[in-house]
Amino acid sequence: MQPDLFADTRSRIDLGPGAVLLGGFALAEAEALIGEIPALAAVSGFRHMETRSGGRLSVAMFNCGETGWVSDRRGYRYQAIDPRTDRPWPAIPPRFLALAAGAAAQAGYPGFVPDACLVNRYDAETKLSLHQDMDERDHSAPIVSVSLGQAATFLWGGLSRSDRPRRHRVLHADVVVWGEPSRMVFHGVDSVERGTHPLTGPCRYNLTFRKAR
Ligand code: MD3
Ligand code: FE
């Protein structure tokens with residue numbers, strides 16, 4: 001036990017096997033992380049992607065990294081070129097990489113080097129229905145998720161769609177690390193709380209770091 005390693009984390013909650021919520025892990029860095037978003041968005045840009053069925057995702061998003069997650073009429077996939085700009089996604093900022101690697105290490109996954117960072121923006125009324133993340137090639141790598149701004153209710157289900165999800169409140173600067181065997185659980189975001197966060201206003205940002213290829 002090395003207590004000093006846990007100094008930044010107010011609470012550590014085990015969500016399930018291989019999945020841990022590090023409460024407030026990003027608190028010291030949060031303002032700087034949020035401060036990186038406008039310059040990244042100026043290169044790529046938040047957009048509501050289309051779905052295969054012609055709908056529109058209510059979460060606004062873009063990626064940084066060598067590859068990025070996209071959805072359109074052809075379905076979901078990762079690609080190195082941003083379809084909106086026809087150029088590569090912006091690089092993942094070094095402070096993003098450091099935070100993601102630090103959280104992964106604290107959760108028991110040393111040496112985490114993500115190649116994709118999805119930047120999600122949830123405005124009031126935005127929800128993300130229950131789903132699994134299965135578009136990544138390497139399911140043995142963990143996923144690191146950083147919540148910024150307004151709090152939300154996270155839905156944490158099981159390995160079968162019909163498993164009734166549990167609800168967890170995720171707060172500003174909370175970091176969740178999901179590895180095997182919880183990597184493929186169904187999950188979603190139920191509702192973003194109303195109100196105004198001093199750093200993000202009415203919205204919640206989520207940075208999701210993955211090894212996609
Ligand atoms: C749980 N994003 O982008 S955190 C997504 O808050 C996504 O923006 C949510 O689900 C958000 O796909 C949830 C990220 C997350 C990613 C993968 C998971 C949560 C996960 C895999 C298993 C369990
Ligand atoms: Fe997901």
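Before going into details, it helps to say that this report is about the structure given with it. Model, not experiment: these values are computed from the prediction.

## Quick look at helix α2 (residues 94-106)
Item 1. If you check α2, its first and last C-alpha atoms are 18 Å apart, about what 13 residues at 1.5 Å a residue would give, namely 18 Å.
Item 2. Taken residue by residue, α2 has Phe-96, Leu-99, Ala-100, Ala-103, Ala-104 and Gln-106 as its buried positions. Down the axis of α2, the buried set is contained in an arc of 165 degrees. They therefore lie on one face. Opposite the buried face of α2, by more than 90 degrees, sit the exposed residues Pro-94 and Ala-98.

## Some details on the sheet that holds strand β14 (residues 187-192)
Item 1. Pairing within the open sheet is antiparallel, and its four strands lie in the order β9-β14-β11-β12. Only two strands of the sheet have a single partner each, and these edge strands are β9 (128-131) and β12 (166-170). Ignoring which end each strand starts from, the neighbouring axes of this sheet average 25 degrees apart.
Item 2. Bridge analysis of β9 against β14 gives two bridges, and the strand direction is antiparallel. Considered in β14, the bridge of Leu-128 is made with Val-189.

## Topic: the coordination of the iron ion (ligand 2)
In ideal tetrahedral geometry, four donors around a metal make angles of 109.5 degrees, whereas ideal octahedral geometry with six donors gives angles of 90 or 180 degrees.
Item 1. Around the iron ion (ligand 2), the protein supplies His-131 (NE2), Asp-133 (OD) and His-187 (NE2) as donor atoms, at distances of 2.1 to 2.2 Å.
Item 2. In the primary structure, the donors to the iron ion (ligand 2) are separated according to the pattern H-x1-D-x53-H. You can see Asp-133 sitting in the loop between β9 and β10 (143-149) and its partner His-187 sitting in strand β14, a full 54 residues away along the chain.

## Focus: the environment of Pro-202
Item 1. Turning to its location among the elements, Pro-202 is positioned in the loop between β14 and β15 (204-210).
Item 2. Taking the C-alpha atoms as reference, Pro-202 lies 8.8 Å from Val-192; in sequence the two are ten residues apart.

## Some thoughts on the site of ligand 1
Item 1. Taken together, 20 residues form the shell around ligand 1, and within it Tyr-122, Asp-133, His-187, Arg-204 and Arg-210 come nearest.
Item 2. Between ligand 1 and the protein, one listed contact pairs an oxygen atom with a side-chain N or O atom of His-187 at 3.0 Å.
Item 3. For ligand 1, whose free accessible area comes to 490 Å², the fraction covered by protein is 97%.
Item 4. Those elements that place two or more of their residues in the shell around ligand 1 are β8 (116-122), β9, β10, β11 (152-156), β14 and β15.

## So, the pattern of salt bridges
Item 1. One pass over the full model with this rule turns up 14 salt bridges.
Item 2. Between Arg-194 and Glu-125 there is a salt bridge; the shortest N-O distance is 3.8 Å. Placement of Arg-194 in the loop between β14 and β15 and of Glu-125 in the loop between β8 and β9 is noted, with a sequence separation of 69 residues between them. Here Arg-194 and Glu-125 have matching classes, each one exposed.
Item 3. For the salt bridge of Asp-133 with Arg-210, the shortest nitrogen-to-oxygen distance reads 2.5 Å. One end of the pair, Asp-133, is in the loop between β9 and β10; the other, Arg-210, is in strand β15, and 77 residues separate them in sequence. Assigned by exposure class, Asp-133 and Arg-210 land together as buried.
Item 4. Among the ionic contacts, a cluster of salt bridges with common partners joins Asp-133, Glu-136, Arg-183 and Arg-210.

What counts and how
- Residues numbered from 1 in each chain as written.
- Chains lettered and ligands numbered in written order.
- Predicted model: local features only at pLDDT ≥ 70, side-chain atom pairs only at ≥ 80, totals over all residues.
- Heavy atoms only, no water.
- Helix = DSSP H or I, 4+ residues; strand = E, 2+ residues; numbered from the N terminus.
- Expected span 1.5 Å × (residues − 1).
- Buried < 20%, exposed > 50% of the residue type's maximum accessible area, 1.4 Å probe, protein only.
- Arc of directions from axis to C-beta.
- Pairing = 2+ DSSP bridges.
- Axes fitted to C-alpha atoms, helices over the stretch in contact; angles between N-to-C directions.
- Donors = N, O, S within 2.8 Å, 3.2 Å for Na, K, Ca; no water.
- Near = heavy atom within 4 Å.
- Polar contact = N/O pair within 3.5 Å; in protein donor to acceptor, adjacent residues only side chain to side chain.
- Areas by Shrake-Rupley, 256 points an atom, 1.4 Å probe, with all protein chains shown as cover.
- Salt bridge = Lys/Arg side-chain N within 4 Å of Asp/Glu carboxyl O.

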